[in-house]
Amino acid sequence: MGSLWSEGHSSSILCVGGSPGPEGLIASGAEGGEVTLWTQEGAVVRRLVLPGQDDVTSAAFSPAGAAHLYLSHGDTVSVFDTRNLKGPAEEFQGAGEEEINALALNETGSAVALADDSGAVRILEIPGGKVCRTLRRHTNICSSVAFRPHRPNNLVSVGLDMQVILWGLQKTRPLWTLNLQDVAEEEDDHQQRPGQLFNPPLAHCVSVSSCGNVVGCGAEDGRVHLMRIGGGSKLEQQGAVKAHTQGASQAHFLSAFSHPYWMVTGGNDGHVALWDLSKHPVVAPEGKTGKSQATAPQRRKGKSGGKRREQAQEKSKAEREEAGEDDEAAAKEQEEEKSGPKLSISHGEKVNWLYPAVLKGEVSVIVADQSPNLTVYPLSQL
């Protein structure tokens, strides 16, 4: 089903990015400073090794200039003009306080956001690479960042502290913070079966839908956590999709389909999945009932002779409620099966990176794993 792009690297590929346009190039970065440019058919255009040979952790083309490729390696961001690859056009050394894990450009290409091991998020002005903002709130590694479309002053960051933060860049402060551990514990209290174990929801990858109002975050608990942003950039609702049996390392919205709520995910379980989230309660709350809140049974103060009857009635009610909860859980499981992935691919290798792309007019996903090769799966049969 998938096609293999090979002979571009000698080590594990860590990131993939694409240039906009029908003939846009694909760039991949790997361990040891390796960078490769590919055609849309998977032919190698050029290979290079960055000085210092630090792992290339993120690759992104500028929306403002299709030839400008941004690469993070170590604490440095290098900018290449793909028409002349003899050396970087610009290099921002020390752009990150520590090793950079991910970078993202805003819609105009005038700013780059960096997530690094110190937990800091830095904003660089383009051109020049001057640090104009440093955002500190994560207490562990910051793993991923994404600008919010149509909201140039909004940025989302996630980290291994299990926090999702929406930043207002004008005042350099969080507009809201969501702790995924608190959310997961609350859900597991209602849903967890005896003997069931979950990994903590360390946040690995964040993406924002093209309309700008839904955030998706792949986490170590195998879920993709969803958040809907309402008016005034407030957090309106949150929920999750149980996407993978192991950590969900990648989650990306696609903009090439019928609506902005298609998402492709990849996990440590070696699976790649395509989801239609348009009917998920977080995305489309209209007509959906919220979580039912169980109310405590009202106790009447009666004479001692009536207490035994009252206790028996309460016991019977508790048993009925418990049976009802089991029925509700079973119905929820059936609903989850119906709302499962529209396409599930057993890739077989732990997923390092996913990049949704339109290659020669066909909607596809490019998968990087532990190998030195890329795999391309077509999605357009949907």
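Residues numbered from 1 in each chain as written. Predicted model: local features only at pLDDT ≥ 70, side-chain atom pairs only at ≥ 80, totals over all residues. Heavy atoms only, no water.

The name an unreviewed UniProt entry gives the chain is WD repeat domain 53, with Fundulus heteroclitus as the organism.

S.K.: Can you walk me through the UniProt feature "repeat: WD" (unreviewed entry) in the chain in this structure?
M.R.: Taking the numbering used here, the UniProt-annotated feature "repeat: WD" (unreviewed entry) corresponds to residues 135-177 and 263-285. Note that residues 263-285 is 0% helix and 48% strand, and that its end C-alpha atoms are spaced 18 Å apart. (UniProt positions renumbered as here; feature names shortened; annotations may be inferred. Helix = DSSP H or I, 4+ residues; strand = E, 2+ residues; numbered from the N terminus.)

S.K.: Is there a simple way to think about unusual backbone geometry in this case?
M.R.: Glycine aside, a negative phi is what most residues show, and trans is what most peptide bonds show. Of note, the amide linkage connecting Ile-126 to Pro-127 takes the cis form, showing an omega dihedral of 0°. Position of Pro-127 relative to the elements: it lies in the loop between strand E12 (121-125) and strand E13 (131-135). One non-glycine residue, Gln-53, lies in positive phi territory at about 55°. You can see Gln-53 is positioned in the loop between strand E5 (44-49) and strand E6 (56-61). A positive phi angle, near 55°, is found at Lys-360, a position not held by glycine.

S.K.: Where do I start with the pairing of strand E18 (residues 203-208) in this structure?
M.R.: The element E18 is extensively covered by neighbouring structure, given that five of its six residues are classed as buried. The pairing of E18 with strand E19 (residues 214-219) spans five bridges and is antiparallel. Within the sheet, the bridge partner assigned to Val-206 lies in E19 and is Cys-217. Hairpin connection of E18 to E19: five residues between the antiparallel strands, including Gly-212 at a positive phi of 90°. (Buried < 20%, exposed > 50% of the residue type's maximum accessible area, 1.4 Å probe, protein only. Pairing = 2+ DSSP bridges.)

S.K.: Sorry, what's going on with the sheet that holds E19 here?
M.R.: Think of a sheet as strands paired side by side through backbone hydrogen bonds, with each pair either parallel or antiparallel. Sheet architecture is open: four strands sit in the order E18-E19-E20-E21, paired in antiparallel fashion. Edge positions in the open sheet fall to E18 and strand E21 (235-242), since each of these has one partner strand only. Each strand axis lies, on average, 20° off the axis of its neighbour in the sheet, ignoring direction. Note that strand E20 (residues 223-229) and E21 share seven bridges and pair antiparallel. (Axes fitted to C-alpha atoms, helices over the stretch in contact; angles between N-to-C directions.)

S.K.: Whenever I open this one, the side chain of Ser-72 confuses me. Can you help?
M.R.: Tracing the chain through its elements places Ser-72 in strand E7 (residues 68-73). Excluding anything up to four places from it in sequence, Ser-72 contacts Asp-55, Val-56, Thr-57, Ser-58, Ile-100 and Leu-103. (Contact = heavy atoms within 4.5 Å.)

S.K.: Is there a simple way to think about a negative patch on the surface in this case?
M.R.: Together, Glu-31, Asp-54, Asp-55, Asp-75 and Glu-99 make up a negatively charged patch on the protein surface. Its location among the elements puts Glu-31 in the loop between strand E3 (26-30) and strand E4 (34-38). (Patch = residues over 30% accessible without salt bridge, like charges linked within 9 Å, V, L, I, M, F, W, Y side chains within 5 Å. Areas by Shrake-Rupley, 256 points an atom, 1.4 Å probe, with all protein chains shown as cover. Salt bridge = Lys/Arg side-chain N within 4 Å of Asp/Glu carboxyl O. Lys, Arg positive; Asp, Glu negative; His and termini not counted. Charge placed at Lys NZ, Arg CZ, Asp CG, Glu CD.)

S.K.: Mind showing me how you'd approach the packing of aromatic side chains here?
M.R.: We describe a pair of aromatic rings using the distance from one ring centre to the other and the angle between the two ring planes. Tallied over the full model, the rule gives two aromatic pairs. With centroids separated by 5.5 Å and ring planes inclined at 35°, the aromatic side chains of Trp-5 and Trp-38 adopt a geometry described as tilted. Taken together, the residues Trp-5 in strand E1 (residues 3-5) and Trp-38 in strand E4 connect sequence positions 33 residues apart. For the pair shown, Trp-5 and Trp-38 are each scored as buried. (Phe/Tyr/Trp six-rings, centres within 6.5 Å; stacked < 30°, edge-to-face > 60°.)

S.K.: Would you mind showing me how to read the pattern of salt bridges here?
M.R.: When charged atoms on two side chains of opposite charge get close, those side chains can pair. In the structure shown here, the tally under the stated rule is seven salt bridges. The shortest N-O distance in the salt bridge between Glu-23 and Lys-360 comes to 3.2 Å. Residue Glu-23 is located in the loop between strand E2 (13-18) and E3, and its partner Lys-360 is located in the loop between strand E26 (351-359) and strand E27 (362-369); the two are separated by 337 residues in the primary sequence. In this structure Glu-23 comes out as exposed when scored by relative accessible area, which is 60%.

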